[in-house]
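In case you want the letters, here they are:
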Amino acid sequence: MNGPPKRLRVCMIAYYLPPVHSGAGRQAMTLAGQLRDRCDIFFLTARHDKSPPTEQRNGISIYRLAGLGHGVFFAFTFNLRLAWRLFCERNRYELVHAHGYPPFYFLSLAVLRLLNKPNLQKISMVGIDDPLGLFVGRLGPLRRWAHQNISVIIAPSQKARQLCEQAPSPWNSRVLKIPNGVDTDRFHPATNKEKHALREEFGLSSTQLIALFVGIVSSRKGVDDLLRAWAETVQAVPESHLLLAGPLVYQPAFVVDVKKLADELGIASRVSFLGEREDVDVLMRCADVFCLASKNEGMPNVLLEASSSGLPIVAYDSAGVADIVVDGETGFRVPIGSVVALAEAISRILSDAELRHRMSERARDRACRSFSIASVANRYYTLYQNLLHD
């Protein structure tokens, strides 16, 4: 009589994990939470702040390894510790899953080669930790050598996969596309009654049309472009208001500049800077459209969350966006840097209730069919099994 399936032992690596803000880190924790009933998972990460060196989150152990000094030296000494920890913990895991490519990760890959441990590297941002991005610069040759030790490269988007396939053999033969996943139970559309009640809690009028941005308030996320587009939007849709939710501490000078820009554009009263929030799912249920003017991505988690929440999306057409937003059906993709096109697309959705409703239904349906975290976790579990049985 067969017993229960064997639990797989997995070490996950992420350079950033909550509470440090990172889309890759949040996605890693979400995936681990979905897999914990079938896998024994622990995390190795860098200790960037005063978070405890050892922590349990939802039944998952997290070990934060401190580097020395700052900047490059911190990253280097962290990876020395990471490589040593992987060696010392070698009997605790069967497989390593790296979310992104931590600085100097080639040191750890050398250890994994010595131990003959299968491992995955998931690309977190196009142009940064895909093979073509990694192979440039002074460390390029070392990274190129170390990449031979990666069993599978995970490309979350079609753009990431295309870049991997452009890399020289043998890396282009080890690429598998698996998208990011979203918790479709947590992120779900609101009924009209619920939306009105939530808006009252936030001091918003039920007659206002609400646009939402969630992410680090930074230049890469294009918040300045979004504000310029918003200045045009409020002219076309006077009853609209923009909510900006996300950390304000990573680029403080930029935050000062964009708040000044809002004043100069005359839209300060039509924009709310909410700071970092834990209730992003609730904010999504308050909104009518989601906006993202990011210039570089891997596969934006916030767009998956917005789609699952039934929000039409307007976004710059950066990497990963085309995988989520079906142009004209679940939202609009506009050329990167085109503030005019951004404003026109936002205004079009906000001024057309029928279009919003149609896009909302299609966005939710697509998120549930293609990006549920349960289905994504199943794909990873099957991949883990295949790697361990090869």
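Quick look at the structure, then. (Residues numbered from 1 in each chain as written. Predicted model: local features only at pLDDT ≥ 70, side-chain atom pairs only at ≥ 80, totals over all residues. Heavy atoms only, no water.)

## Some remarks on the sheet that holds strand β9 (residues 209-214)
Keep this limit in mind: The rule for pairing is simple: two strands pair if DSSP sees at least two bridges between them. Secondary structure is summarised from DSSP: a helix means a run of H or I of at least four residues, a strand means a run of E of at least two, and numbering begins at the N terminus for each. The axes are straight lines fitted to the C-alpha atoms, using for helices just the contacting stretch, and the angles between their N-to-C directions are given from 0 to 180°.
As summarised here, the arrangement of the six strands in space is β11-β10-β9-β12-β13-β14, forming an open sheet in which the pairing is parallel. Two strands lie at the open edges of the sheet, namely β11 (271-275) and β14 (331-334), each paired on one side alone. Strand after strand, the sheet turns through a mean of 20 degrees between neighbouring axes, direction not considered. Where strand β10 (residues 240-245) lies against β11, four bridges are found, and the strand directions are parallel. From the neighbouring strand, leucine 244 faces β11, where its bridge partner is phenylalanine 273.

## Details of the packing of aromatic side chains
Put simply, the test is: Each Phe, Tyr or Trp ring, with Trp reduced to its six-membered ring, pairs with another whose centre is within 6.5 Å; inter-plane angles below 30 degrees give stacked pairs, above 60 give edge-to-face pairs, and intermediate values give tilted ones. Whether a charge lies above a ring is judged from NZ of Lys or CZ of Arg, which has to be within 6 Å of the ring centre and within 35 degrees of the ring normal.
Scanning the model with the defined rule gives nine aromatic pairs in all. Aromatic side chains phenylalanine 76 and phenylalanine 104 sit 5.3 Å apart centroid to centroid with 80 degrees between the ring planes, which places their arrangement in the edge-to-face category. With a gap of 28 residues between them, phenylalanine 76 in helix α2 (residues 71-88) and phenylalanine 104 in the loop between β5 (95-99) and α3 (106-115) connect regions that are remote in the sequence. One aromatic cluster is present, formed by Tyr15, Tyr16 and Phe78 through successive ring pairs. Sitting above the plane of the tyrosine 63 ring, arginine 85 keeps its charged end 4.9 Å from the centroid. The positively charged end of arginine 92 is found above the aromatic ring belonging to phenylalanine 42, 4.2 Å away from the centroid.

## A word on the packing of helix α1 (residues 23-35) against helix α11 (residues 301-308)
Worth spelling out the cut-off: Oblique is the label for any angle not under 35 degrees, not over 145, and not in the 65 to 115 range, which are roughly parallel, roughly antiparallel and roughly perpendicular in turn. When checking whether two residues touch, look at their non-hydrogen atoms; a contact exists if any pair is within 4.5 Å. Residue type decides the class: Asp, Glu, Lys and Arg count as charged, Ala, Val, Leu, Ile, Met, Phe, Trp, Tyr, Cys and Pro as nonpolar, and the leftover types, Gly among them, as polar.
At a closest axis distance of 10 Å, the pairing of α1 and α11 adopts a crossing angle of 55 degrees. On the basis of the axis angle, α1 is oblique to α11. For the pair formed by α1 and α11, the contact residues are Gly23, Ala24, Arg26 and Gln27 on the first element and Asn301, Val302 and Glu305 on the second. Among the residues making up the contact of α1 with α11, the classes are represented as two nonpolar, three polar and two charged.

## What about the pairing of strand β3 (residues 54-57)?
Pairing of β3 with strand β4 (residues 60-65), which is carried by four bridges, proceeds in the antiparallel orientation. Bridge pairing in β4 links threonine 54 to tyrosine 63. Between β3 and β4, which pair antiparallel one after the other, the connecting turn spans two residues, and asparagine 58 there sits at a positive phi close to 55 degrees.

## Observations concerning the pattern of salt bridges
We count it as follows: Take a side-chain nitrogen of Lys or Arg and a carboxyl oxygen of Asp or Glu: if they are within 4 Å of each other, that pair is a salt bridge. Partly exposed residues are those whose accessible area sits between 20% and 50% of the maximum for their type, while under 20% is buried and over 50% is exposed, using a 1.4 Å probe and protein chains only.
By the definition in use, this model includes 21 salt bridges. For the salt bridge of arginine 186 with aspartate 281, the shortest nitrogen-to-oxygen distance reads 3.4 Å. With arginine 186 in the loop between β8 (175-177) and α7 (192-201) and aspartate 281 in helix α10 (residues 280-286), the pair connects residues that are 95 residues apart, well separated along the chain. Look at aspartate 281 and you get buried, because its relative accessible area is 12%. Through salt bridges with shared partners, a single ionic network connects Arg186, Glu194, Asp281 and Arg285.

## Comments concerning helix α5 (residues 140-147)
To keep things clear, this is the line we draw: The arc in question is traced by the directions running from the helix axis to the C-beta atoms.
Where α5 is concerned, the buried positions are Gly140, Arg143, Ala146 and His147. Projected onto a plane normal to the axis of α5, the buried residues spread over an arc of 130 degrees and lie on a single side. Buried residues along α5 sit in contact with α3, β6 (119-122), α4 (131-134) and β7 (152-155).

## Some thoughts on the pairing of β6
Just so we agree on the cut-off: Crossover handedness is defined by viewing with both strands directed away from the observer: a clockwise path from the first strand over the helix to the second marks the crossover as right-handed.
Here β6 shows two buried faces, one formed by Asn119 and Gln121 and the other by Leu120 and Lys122. With four bridges joining them, β5 and β6 adopt parallel strand pairing. Residue pairing for β6: histidine 97 is matched across the bridge by leucine 120. Regarding topology, α3 serves as the crossover connection from β5 to the parallel β6, and that connection is right-handed. Where β6 meets β7, three bridges bridge the pair, whose relative direction is parallel. Its bridge partner being in β7, glutamine 121 is matched across the sheet by isoleucine 153.

## Let's talk about the environment of arginine 9
Here arginine 9 lies in strand β1 (residues 8-14). Residue classification places arginine 9 among the partly exposed residues on the basis of a relative accessible area of 27%. For the pair formed by arginine 9 and glutamate 94, sequence separation is 85 residues and the distance between their alpha carbons is 5.3 Å. Ignoring any residue separated from it by four or fewer positions in sequence, one finds arginine 9 in contact with Asp40, Asn91, Arg92, Tyr93, Glu94 and Leu95.

## Notes on unusual backbone geometry
Going from proline 18 to proline 19, the amide bond is cis rather than trans, its omega being 15 degrees. Within the element layout of this structure, proline 19 appears in the loop between β1 and α1. In this structure, asparagine 58 is a non-glycine residue whose phi angle is positive, near 55 degrees. Relative to the helices and strands, asparagine 58 resides in the loop between β3 and β4. Positive phi, close to 65 degrees, is recorded for phenylalanine 104, a residue that is not glycine. When its relative accessible area of 13% is taken as the criterion, phenylalanine 104 is described as buried.

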